[in-house]
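# Descriptive structure summary
Chain by chain, the residues:
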Amino acid sequence: MAIISEHIKGEPHSKGKIVLGYSGGLDTSVLIPWLQEEGYDVVAAIAAVGQPADSDIEAIAAKAEQIGAVKSYILDLREEFAEINCVQAIYANSLYEGVYPLLSAISRPLIAKHLVRVAHAEDAVAIAHGCTGKGNDQVRFTLGIQALDPQLDVLGPLRYWELTTRSAELEFAASHNVPVRATKESPYSIDENVWGRAVECGVLEDPWNHVPEDAWAITVDPTQAPDEVTEVVISFEKGKPVAIDGKKMGMLQLVQTMNKVGGENGFGRIDTIEDRLVGLKSRECYEQPGALALIKAHQHLEKMCLPGEVLEQKAVLEHAWAKQVYNGLWYSPLKEAYDAFFASTQKTVTGEVRLSFYKGSCTVTGCKAPVAMYDFGLATYDEGDTFDRSAAAGFMTLYGLPNNTWAKKVGGWSSVDADKAKMAEVLSFASAVKAQQA
Ligand code: ARG
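Residues numbered from 1 in each chain as written. Predicted model: local features only at pLDDT ≥ 70, side-chain atom pairs only at ≥ 80, totals over all residues. Heavy atoms only, no water.

Assigned secondary structure in the protein consists of 14 helices and 14 strands. Relative to the globule expectation of 22 Å for 438 residues, the C-alpha radius of gyration of the protein, 29 Å, shows a markedly less compact shape. C-alpha atoms of the protein, sized along the principal axes, occupy 110 × 50 × 45 Å. When burial is assessed residue by residue, the protein has 45% of its 438 residues classed as buried. Carbon and sulfur atoms provide 57% of the accessible area of the protein, an area that totals close to 22500 Å². The averaged location of the 58 negative side-chain charges in the protein is 5 Å from the averaged location of its 40 positive side-chain charges. (Helix = DSSP H or I, 4+ residues; strand = E, 2+ residues; numbered from the N terminus. Rg over C-alpha atoms; globule rule 2.2 N^0.38 Å. Buried < 20%, exposed > 50% of the residue type's maximum accessible area, 1.4 Å probe, protein only. Areas by Shrake-Rupley, 256 points an atom, 1.4 Å probe, with all protein chains shown as cover. Lys, Arg positive; Asp, Glu negative; His and termini not counted. Charge placed at Lys NZ, Arg CZ, Asp CG, Glu CD.)

Take Asp 339: it is sitting in helix α10 (residues 333–345). Among residues more than four places away in sequence, those in contact with Asp 339 are Gln 88 and Trp 321. (Contact = heavy atoms within 4.5 Å.)

Let us now look at the pairing of strand β6 (residues 189–193). In this structure, β6 lies alongside strand β7 (residues 196–200), joined through five bridges in antiparallel fashion. The residue of β7 that forms the bridge with Ile 190 is Val 199. (Pairing = 2+ DSSP bridges.)

Here we come to the pattern of salt bridges. Throughout the structure, instances matching the rule amount to 23 salt bridges. The partner of Lys 113 in a salt bridge is Glu 80, with the nearest N and O atoms 2.5 Å apart. Highlighted residues: Lys 113 in helix α4 (residues 103–121) and Glu 80 in helix α3 (residues 78–91), separated in sequence by 33 residues. What makes Glu 80 partly exposed here is its relative accessible area of 23%. (Salt bridge = Lys/Arg side-chain N within 4 Å of Asp/Glu carboxyl O.)

Another aspect to go through is the sheet that holds strand β5 (residues 153–155). Ordered in space as β3-β2-β1-β4-β5, the five strands form an open sheet in which the pairing is parallel. Each of the sheet's edge strands pairs with one partner strand only, and the pair in question is β3 (71–76) and β5. Neighbour-to-neighbour, the strand axes of this sheet turn through a mean angle of 25 degrees, independent of strand direction. Sheet topology places strand β2 (residues 40–48) next to β3; six bridges connect them, and they run parallel. Paired with Ala 48 across the bridge in β3 is Asp 76. (Axes fitted to C-alpha atoms, helices over the stretch in contact; angles between N-to-C directions.)

With that settled, consider the site of the ligand. Taken together, 15 residues sit near the ligand, with Tyr 100, Asn 136, Arg 140, Ser 189 and Glu 274 positioned nearest. Between the ligand and Ser 189 there is a distance of 3.0 Å, counted from a nitrogen atom to a side-chain nitrogen or oxygen. Glu 200 places a polar side-chain atom, nitrogen or oxygen, 3.0 Å from a nitrogen atom of the ligand. Across the complex, the protein chains shield 89% of the 350 Å² of accessible surface that the ligand would expose by itself. Of all the secondary structure elements, the ones that give two or more residues to the shell around the ligand are α4, α5 (137–148), β6, β7 and β12 (281–287). When residues of the shell around the ligand are assigned to their parent elements, the largest contribution, three residues, is made by β6. Across the shell around the ligand, the residue classes break down as six nonpolar, three polar and six charged. (Near = heavy atom within 4 Å. Polar contact = N/O pair within 3.5 Å; in protein donor to acceptor, adjacent residues only side chain to side chain. Nonpolar A, V, L, I, M, F, W, Y, C, P; charged D, E, K, R; others polar.)

Okay, the state of the cysteines next. Tallied over the full model, the rule gives zero disulfides. There is no disulfide at Cys 362, and the cysteine sulfur nearest it, in Cys 367, is 13 Å away. Assessed through its relative accessible area of 4%, Cys 362 is described here as buried. Left unpaired, Cys 367 is separated from the closest cysteine sulfur, that of Cys 305, by 6.5 Å. (Disulfide = S-S within 2.5 Å.)

By way of backbone hydrogen bonds, the strands of a sheet pair with one another, either parallel or antiparallel. A sheet is described by the order of its strands in space; here five strands give the open sequence β10-β9-β8-β13-β14, paired in antiparallel fashion. This sheet does not close on itself; its edge strands, each paired only once, are β10 (247–248) and β14 (361–368). Helix-sheet contacts for helix α7 (residues 251–264) involve β8 (230–237), β9 (240–244), β10 and β13 (351–358), and the interaxial angle to β9 is about 65 degrees. In this fold helix α8 (residues 289–305) packs onto β8, β9, β13 and β14, with an angle of close to 35 degrees to the strand it touches most, β14.

From the geometry alone we can't say anything about function, so treat these as descriptive.
Shown next, in the form of structure tokens:
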């Protein structure tokens with residue numbers, strides 16, 4: 001790891017090329033001249049994973065070059081993100097701490113992979129990112145890049161640079177010809193991609209505060225959502241969603257469509273307290289209508305298709321997968337092993353799930369699967385029952401054998417007469433009834 005502080009500002013460019021994950025915002029824009037002063041030639045790489053700014057991506061690349069980047073790369077990762085990372089998250093029914101479907105955590109490894117690709121193409125010596133020193137994203141970039149190429153240095157200058165206040169940053173920007181957007185800055189820290197939108201900071205830092213309506217962008221207020229139920233049928237093939245209402249589509253379009261349907265119905269808002277890897281708790285707000293709806297549908301289809309004991313073990317590994325990915329270990333032997341387990345469970349997870357959206361809720365209202373563990377003949381109490389009731393007696397004899405043996409040896413479960421007073425009451429009631437009848 002290079003020790004940046006040892007180098008003297010203004011030193012001529014001599015350290016080689018550095019690839020900067022560039023967003024066009026103030027931090028990464030200021031990083032361009034800052035890294036130059038540290039002696040690097042900056043190659044800017046802009047990744048599109050489904051942010052609103054994706055549409056301005058060429059302008060963002062031009063801005064990087066105008067500020068001083070020697071070159072810029074536009075990386076459109078949306079298809080790959082949806083097809084690979086979001087699909088893996090669905091197989092894993094991924095919900096960190098049971099609530100957060102992992103939007104930033106699943107995008108960072110993909111961006112890291114492409115930053116490494118650019119670094120190799122450019123013979124760069126290092127990769128820089130604009131993450132703060134308090135969050136999980138720095139860990140995900142650093143560990144991701146190091147796992148993919150342990151030779152590359154990873155720099156996160158926001159951890160230690162001197163531009164700790166906004167005014168210092170603005171001053172640096174002004175003196176280094178970095179254009180600053182005239183538009184008002186968002187009062188929140190936002191990360192957005194195809195899988196959803198994360199909102200932190202500002203008034204949200206007091207967990208008692210209501211989340212202001214302006215924090216939400218892709219979901220409507222549930223009370224303002226339509227008065228009618230919206231039904232959608234999702235088709236899955238081997239665990240992967242492939243169609244909506246019978247219309248086949250790729251994952252990118254499918255997730256975008258589900259974000260729209262869920263968002264319009266006020267579904268997908270999360271307001272939670274989360275445990276960051278770096279040790280602190282933070283209040284996090286997420287909008288993930290598509291992710292939550294698809295995971296819900298997938299989970300339901302798995303209940304239909306998989307044996308209970310597989311579901312039981314899978315749930316344990318799902319929890320572990322989400323933690324592993326949240327904690328920045330996407331490229332790790334353990335995650336690879338989890339994925340292999342999940343892949344083997346998805347072979348029969350094919351079928352259709354009907355979801356009903358209504359004013360902030362999303363409910364499974366139907367499910368069918370060609371190779372289901374659910375068997376109508378076994379389940380029905382009507383015509384066509386194939387369940388062998390006569391086998392139940394023998395089953396209970398053996399299933400209950402250890403417990404019955406114990407009960408016989410100890411003379412019965414002791415709680416039968418534990419509540420003597422209650423029993424006395426019952427007996428006196430019975431004898432009163434008898435006396436009355438006599
Ligand atoms: N807490 C979430 C996570 O660690 C979201 C992070 C969002 N990042 C941001 N820069 N606002 O995955």
